[in-house]
Each structure stands twice: as structure tokens, then as C-alpha cells.
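# Structural features, examined
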Amino acid sequence: MTRLVGTGVIMGEATRHDVGEVLIVTGMSGAGRSTAANALEDLDWYVVDNLPPQMLKPLLDLTELAGGVLPRVAVVVDVRGRDLFSDLPDAMRALRERRQIRVMFLDASDEVLVRRFEAVRRPHPLQGDGTILDGIRRERTRLAAVRESADVIIDTSSYNIHQLATNVADLFTEAGAARHTVTLQSFGFKYGLPPDADLVADMRFLPNPFWDEQLRPFTGEDDEVRDYVLSQEGAQEFLDAYSAALRPVLEGYQRENKSHSVVAVGCTGGKHRSVVMVRELAQRLASVPGVAVRVTHRDLGRE
């Protein structure tokens, strides 16, 4: 007999059930893994922190025996596992041959990571006798293969801990029965491309409401700007054509078990045109089967 301590469940070894969702949380040190894990735990995920990759299979065996007792399991795996961490890519491949798992990779720019380590006055786990930046570069090299195979990549460079927790909560609660969540994100080119974008569209082919003194104080969330942008030549044609082009992409992502994507739509400052077009695209894509649509405005309010 196999007894699950603390669950009130006793089952024979031959009794196995499929566990629900399994999520591996990994990424760069200082990018917010702990914050993401806490957010998942608040959503009633069963979270295991700092698990060596070699323990992933035994853990999943346990969750299968537990049946519905542990419907959603998140496992934080990172370089704190030292030399054991190097087995993570092989462990992930072996698990994916057996069942469907998802991998969430948290990242941030080198500059931001250095600032975060300096703020807490802690060394990077891989810096050794070198600098914090040396440790970050070593970690990027070790994580390259894991990042490449991740299902969800979140760049936390511009997030505080509350914004990251909200992002994780939105990502893992809004989707419901959806097989794929697409985030439509407006942004300003003057502030740089979103590093986690899968697709990027440029709205600078439309006249800029910024140069209209009556419209300048408003944003793309206001009717005055929306009406102006959508009345411009090419605006409706773009929305119709781009939403039609995105449908087979989103359907293909589902077939390939890619659970999340980011479609970034930019204009100069991320205040007017991109905001309008993201909102309009969201309405058009809301009817795609199996897809949940999220809308975020990265740079709205920066001007």
C-alpha cells in the first residue's frame, strides 16, 4: 500500500490517475522565480521549490498516485541545484515523452539583474570569485537550451513584484479551458522592442494623433483617439488582414502545444495608435476557438 501523508488518501500501487497541470518554473536568478511561485501558490497550485531535476519523475509519479488531490503542480528548478541542474534539459525531454508539461521561463536584462543583486547585497550563485555580471553570463549559457524550449517566457525587466504576480495570476487564471493564451501588448518603439514578443506589428504607417493638439492629451483608450485612428486610410484593412493572418498561427500554436504567445503592436510612444489597434485586435481574436486573449499596454502612462 502507498500512503500519502497528510492528504487522507490511501491507494494501492496499481491505482494511477492522470495529474492535471504540471508547470516547471525556471529562469534567471533575480528574475522573479520566488514571486511567480508565491503567485501560483495563492492560486492553489501545489508548489515545490528548488527541486533537483532528477526528482521530477518521482514527484510526477506521486501526483499520479494522488489523483485529483494535486490537480495543479508547479516545480521551481534552477541553478541553486548546482551540478544537478545540468540534467534539466534531458529530464524535460523525458517527461514530455511521457506526458504534457509546460515550462515558464523568467528572464530580465543583465542591467536589471545586476541592480537587483546589488540591492539585496547577495552574490550571484554562479559568480564564484568573479563579478555579479560574470555569474549572470555563466547562467545565461547554462540556461540557453532550457529557454529555447520554454512554453512561456516572461521578461520581468520592467516589472515590480506586484506587477509580476498580477501577470502570472492573469496568465494562469484567465485561460480557463483555453489551450492557448495570447497576450496582445501595445508598446512604444522609442522605449525599445518587447524582448519576449513572438510577433511584432508596426502602427507607424498611420498618422500620429500626437500631432493634433486636441487629441494629444488623450490616449488610445479614449473614443476621440479611437475614432481618429480607425478612420485613417489602411487602419481597417490592417485589422482585417492581420487578425485573419493570426488565426492560423494561433490554431497552429495549439496543435504544437504552445500555451502562450505575445503579439506586440507598436507605435512611437505606445500611447495612441498601438493602444487602439491592440484593443480592436482583441475583439477580432476573441472568437478564435481554444484561445484566451489578454490585453496589456506596456508604455501607456509613460508620457
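Residues numbered from 1 in each chain as written. Predicted model: local features only at pLDDT ≥ 70, side-chain atom pairs only at ≥ 80, totals over all residues. Heavy atoms only, no water.

### Observations regarding the environment of Gln 254
We count it as follows: Counting from the N terminus, the helices are DSSP H or I runs at least four residues long and the strands are E runs at least two residues long. By definition in these notes, contact holds between two residues if any of their heavy atoms fall within 4.5 Å. Any pair of nitrogen or oxygen atoms within 3.5 Å is treated as a polar contact; in protein, a donor-acceptor pairing is required on top of that, and neighbouring residues in sequence qualify only through side-chain atoms on both sides.
With respect to the helices and strands, the residue Gln 254 is situated in helix H8 (residues 235–255). Taking C-alpha positions, Gln 254 is 7.8 Å from Gly 290, a pair spaced 36 residues apart along the chain. Once you skip the residues sitting within four places of it in the chain, Gln 254 turns out to touch Arg 179, His 180, Pro 289, Gly 290 and Val 291. A polar contact is formed between the side chain of Gln 254 and the backbone oxygen of Pro 289, at a distance of 3.0 Å.

### What to know about the packing of aromatic side chains
For clarity, the threshold we go by: Stacked, tilted and edge-to-face are the three classes applied to pairs of Phe, Tyr and Trp rings, where Trp contributes its six-membered ring and a pair requires centres within 6.5 Å; stacked means planes under 30 degrees apart, edge-to-face means over 60, and tilted covers the rest. For a Lys NZ or an Arg CZ to count as sitting over a ring, it must be within 6 Å of the ring centre and within 35 degrees of the ring normal.
The final tally for this structure, using the stated rule, is four aromatic pairs. Judged by centre distance (5.1 Å) and plane angle (20 degrees), the rings of Phe 238 and Tyr 242 are stacked. Within this pair, Phe 238 and its partner Tyr 242 are both found in helix H8, separated by four residues, close to a single helical turn. Taken together, the ring pairs in this structure connect Phe 205, Phe 238 and Tyr 242 into an aromatic cluster. Taking NZ or CZ as reference, Lys 258 lies 5.5 Å from the ring centre of Tyr 253, over its face.

### Some remarks on the pattern of salt bridges
The condition that has to hold: By definition, a salt bridge exists where a carboxyl oxygen of Asp or Glu is found within 4 Å of a side-chain nitrogen of Lys or Arg. For each residue, the accessible area found with a 1.4 Å probe, counting protein chains only, is set against the maximum for its type, and the residue is called buried under 20%, exposed over 50%, and partly exposed in between.
Throughout the structure, instances matching the rule amount to 13 salt bridges. Asp 78 is the salt-bridge partner of Arg 33, the closest N and O atoms lying 3.1 Å from each other. With Arg 33 in helix H1 (residues 33–42) and Asp 78 in the loop between strand S5 (72–76) and helix H3 (88–98), this pair connects stretches of sequence that are 45 residues apart. Here Arg 33 matches Asp 78 in class, with each residue buried.

### As for the packing of helix H7 (residues 223–230) against helix H9 (residues 273–285)
Quick note on the threshold: Each axis is a line fitted through C-alpha atoms, taken for helices only over the stretch in contact, and angles between the N-to-C directions span 0 to 180 degrees. Each angle gets one of four labels, with under 35 degrees taken as roughly parallel, over 145 as roughly antiparallel, 65 to 115 as roughly perpendicular, and the rest as oblique. Each residue is assigned to one class: nonpolar for Ala, Val, Leu, Ile, Met, Phe, Trp, Tyr, Cys and Pro, charged for Asp, Glu, Lys and Arg, and polar for all the others, Gly among them.
Orientation of H7 relative to H9, taken along the N-to-C sense of each, is 85 degrees, at an axis distance of 9 Å. Our classification of the angle between H7 and H9 gives roughly perpendicular. Within the contact between the two elements, H7 uses Val 225, Arg 226, Val 229 and Leu 230 and H9 uses Arg 273, Val 276, Met 277 and Glu 280. Of the residues contributing to the contact of H7 with H9, the split by class is five nonpolar, no polar and three charged.

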